[in-house]
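Results of the structural survey
Each chain, written out:
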Amino acid sequence: MNGNLIDQEGYPRSDIDIYAVRTARQKINCLQNDLKTVLAEIEAGLIEIHAEARKAAQPATNGTSHSSTSAAQAGRLEPFLTVTQLDPDSPAEQSGLQLNDKITRFGSVTASNFTSMAEIAQLVQHSAGSSIELHILRENDRLARLLLKPKSWSGHGLLGCRLHPIRTP
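In short, a report on the structure. (Residues numbered from 1 in each chain as written. Predicted model: local features only at pLDDT ≥ 70, side-chain atom pairs only at ≥ 80, totals over all residues. Heavy atoms only, no water.)

What to know about the pattern of salt bridges
Across all of its chains, the model carries four salt bridges by this definition. One salt bridge connects arginine 142 with glutamate 139, and the closest N-O pair in it is separated by 3.9 Å. (Salt bridge = Lys/Arg side-chain N within 4 Å of Asp/Glu carboxyl O.)

Written out as structure tokens, the structure reads:
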């Protein structure tokens, strides 16, 4: 990466393809700059998320984080999934998810960027063993946040619940 492209007399080296090496070096430098930019954006996002979490911090129970606020106060997101089945002793039930909960945020997926259930399935598969933050809308227009940890269990799937998309008119 840092070797000389010219010999001791100042002529291009004949044992390497100078054009290919310079092109590769330039591409690597561009990718490193892109990586620095993306890492800076991730850092800023994490700082924002942690600041919000500190504001809404409440004692955790059962390894989950629960907080409830009025949906109007929370800059309401539109629900796009509903819980239609919940298996006993499943990761979903252990996280505090309830039957007929309406999901407004599933990890990074919201109604504005939701395209298909395959997207949710892929997110769950990639998050096996780590937590996914859910924002759910419950009765009386209450917004609750909880952490769902997809994992293998005695039942079917990684969650133990059935989710269905909500059709918007």
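Picking up where we left off.
Quick word on a nonpolar patch on the surface
A contiguous nonpolar patch, built from Leu35, Val38, Leu39, Ile42, Leu46 and Ile49 and spanning about 530 Å² of accessible area, is present on the exposed surface. Looking at the secondary structure, you find isoleucine 42 in helix H1 (residues 18-55). The class for isoleucine 42 is partly exposed, based on a relative accessible area of 45%. (Patch = residues over 30% accessible without salt bridge, like charges linked within 9 Å, V, L, I, M, F, W, Y side chains within 5 Å. Areas by Shrake-Rupley, 256 points an atom, 1.4 Å probe, with all protein chains shown as cover. Helix = DSSP H or I, 4+ residues; strand = E, 2+ residues; numbered from the N terminus. Buried < 20%, exposed > 50% of the residue type's maximum accessible area, 1.4 Å probe, protein only.)

What to know about the environment of methionine 117
Residue position: methionine 117 is located in helix H3 (residues 117-126). Under the relative-accessibility criterion, methionine 117 is labelled partly exposed at 28%. With 47 residues separating them along the chain, methionine 117 and histidine 164 place their C-alpha atoms 8.1 Å apart. If we skip the residues at most four places from it in the chain, methionine 117 touches Leu81, Leu163 and Pro165. (Contact = heavy atoms within 4.5 Å.)

Regarding the layout of surface pockets
For the second largest pocket, the calculated volume is near 380 Å³. Along the walls of the second largest pocket sit 15 residues, with His156, Gly157, Leu159, Cys161 and Arg162 positioned nearest its centre. Mapped by element, the contributors of at least two residues to the lining of the second largest pocket are H3 and strand S7 (161-165). The biggest single contributor to the lining of the second largest pocket is H3, with five residues. In terms of residue class, the lining of the second largest pocket is made up of eight nonpolar, five polar and two charged. (1 Å grid on protein atoms, 1.4 Å probe; cavity = no way out; pocket = protein on both sides within 12 Å on 5 of 7 lines; lining within 4 Å. Points joined across faces, edges and corners; volume = space filled by probe spheres on them. Nonpolar A, V, L, I, M, F, W, Y, C, P; charged D, E, K, R; others polar.)

A look at the pairing of strand S3 (residues 102-106)
Where strand S2 (residues 81-86) meets S3, two bridges bridge the pair, whose relative direction is antiparallel. Opposite leucine 81, over in S3, you have isoleucine 103 as the bridge partner. Bridge count for S3 against strand S5 (residues 132-138) is four bridges, and the pairing is antiparallel. Residue pairing for S5: arginine 105 is matched across the bridge by histidine 135. The pairing of S3 with strand S4 (residues 109-110) spans two bridges and is classified as antiparallel. Bridging from a neighbouring strand, arginine 105 pairs with threonine 110 of S4. Hairpin geometry of S3 and S4 is characterised by an intervening segment of two residues between the two adjacent antiparallel strands and by a positive phi of about 65° at glycine 107. (Pairing = 2+ DSSP bridges.)

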